[in-house]
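# Topology and contacts: notes
Each chain is listed here by its residues.
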Amino acid sequence: DQQVKQNSPSLSVQEGRISILNCDYTNSMFDYFLWYKKYPAEGPTFLISISSIKDKNEDGRFTVFLNKSAKHLSLHIVPSQPGDSAVYFCAASASRYGGATNKLIFGTGTLLAVQP
Amino acid sequence: EAGVAQSPRYKIIEKRQSVAFWCNPISGHATLYWYQQILGQGPKLLIQFQNNGVVDDSQLPKDRFSAERLKGVDSTLKIQPAKLEDSAVYLCASSQTSGRLGTQYFGPGTRLLVL
């Protein structure tokens, strides 16, 4: 049962344009969402997060939007740069797991290629 | 600040053999996680430690997988005996706090191939 879904395995964007990566979730108990970025042969790196009490969080070129009614979140990268080329994972957490466990449920990832 | 260290980086074994992975978290991080990432999937949590105690091991196949974190610092994950489906990247992560908002920092992973 895939609770966090990233339906686009890959995305190609021109340098300078906007990249939009999408993520859907099925578990209504999820209330905290994160995006991680992964380069080949490296571990995932935290990028940005959003709590369910917000619908938008911005950090420089990266913005995450959350639509709770649609159980959908998206990551916008503007402007896209060749160095952004990586696999992006969406992850979710539920407070019902308790404060003692920081359990993250990951999606399958989207490979972003930013063309120069 | 040094990141999460893992070794070995690559391991090839035959099925039914045993294998062990080592992780050294970021200094001062009390919480340590082991994830399994099968090709084409996202990381899946196997076990979470808070200091040297287990917080969550609900997805650890305990008939063949074991993990320990002696003295609340380094950790080892062992598979005995290995199966073909254990081929994956094993990621170790650590965080400063155990709460939901503690950012998890990942190591480079150990890529395991079981033949």
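Notes on the structure in this doc start here. Here the structure is a predicted model, which means the values were calculated and not measured. Each residue is numbered by its place in its chain's sequence as written, counting from 1. Working convention: letters from A go to chains and numbers from 1 go to ligands, in the order in which they are written. Residues qualify for local features only when their pLDDT is at least 70, as the model is predicted, and side-chain atom pairs are given and counted only at 80 or more; totals for whole chains, interfaces and linings, by contrast, use all residues. Note that water and hydrogens are dropped before the side-chain values are worked out from all heavy atoms of the structure.

### Re the sheet that holds strand E8 (residues 75-79) of chain B
Across a sheet, paired strands are connected by hydrogen bonds in the backbone, their directions being either parallel or antiparallel. Residue and element names in this part refer to chain B. By definition, two strands form a pair when at least two bridges between them are found by DSSP. Secondary structure elements are defined from DSSP: runs of H or I of at least 4 residues count as helices, runs of E of at least 2 residues count as strands, and each element is numbered from the N terminus. Spatial strand order, E1-E3-E8-E7: 4 strands in an open sheet with antiparallel pairing. Two strands bound the open sheet, and with one partner strand each, they are strand E1 (5-7) and strand E7 (65-68). When strand polarity is set aside, the average angle formed by the axes of neighbouring strands in this sheet is 15°. With 3 bridges connecting them, E1 and strand E3 (residues 19-24) associate as antiparallel partners. Counterpart to Gln6 in the pairing with E3 is Cys23. Helix axes are fitted to C-alpha atoms over the stretch in contact, other axes to C-alpha atoms as well, and angles between N-to-C directions run from 0 to 180 degrees.

### Here's the deal with the nonpolar core
What tends to happen in soluble globular proteins is that the nonpolar side chains get buried as a cluster. Buried residues of nine kinds, namely Ala, Val, Leu, Ile, Met, Phe, Trp, Tyr and Cys, make up a nonpolar core once their side-chain atoms join them within 4.5 Å. The buried label applies to any residue whose accessible area, calculated with a 1.4 Å probe on protein chains only, is under 20% of its type's maximum; exposed applies above 50%, and partly exposed to all values in between. Ranked by internal contacts, the top residues of the largest apolar core, which has 25 residues, are Phe30, Phe33, Trp35, Leu73, Leu75 and Tyr88 of chain A. Breaking this core down by element, the ones donating at least two residues are strand E3 (19-25), strand E4 (30-38), strand E5 (45-51), strand E7 (62-67), strand E8 (72-77), strand E9 (86-94) and strand E11 (110-115) of chain A. Residue contributions to this core peak at 5 residues, all from E9 of chain A. Throughout, a contact is declared for two residues whenever any of their heavy atoms are within 4.5 Å. Once residues within four sequence positions are removed from consideration, Tyr88 of chain A is found in contact with Gln6, Leu21, Trp35, Tyr36, Lys37, Leu47, Leu75, Ile77, Gly109, Thr110 and Leu112 of chain A. Counting residues in each nonpolar core, the second largest holds 21 residues, with Val4, Ile13, Val19 and Cys92 of chain B among its members.

### Remarks on the packing of aromatic side chains
In this scheme Phe, Tyr and Trp rings, the latter by its six-membered ring, pair at centre separations within 6.5 Å, and the angle between planes marks the pair as stacked below 30 degrees, edge-to-face above 60, and tilted otherwise. In this structure the tally under the stated criterion is 12 aromatic pairs over all chains. Geometrically, the ring pair formed by Phe106 of chain A and Phe106 of chain B is edge-to-face, given 6.3 Å between the ring centres and 80° between the ring planes. Pair noted here: Phe106 of chain A is in strand E10 (residues 105-106) and Phe106 of chain B is in strand E10 (residues 105-106), and the two residues belong to different chains. Given a relative accessible area of 5%, Phe106 of chain A falls into the buried group. One aromatic cluster is present, formed by Tyr36, Phe46, Phe89 and Phe106 of chain A together with Tyr33, Tyr35 and Phe106 of chain B through successive ring pairs.

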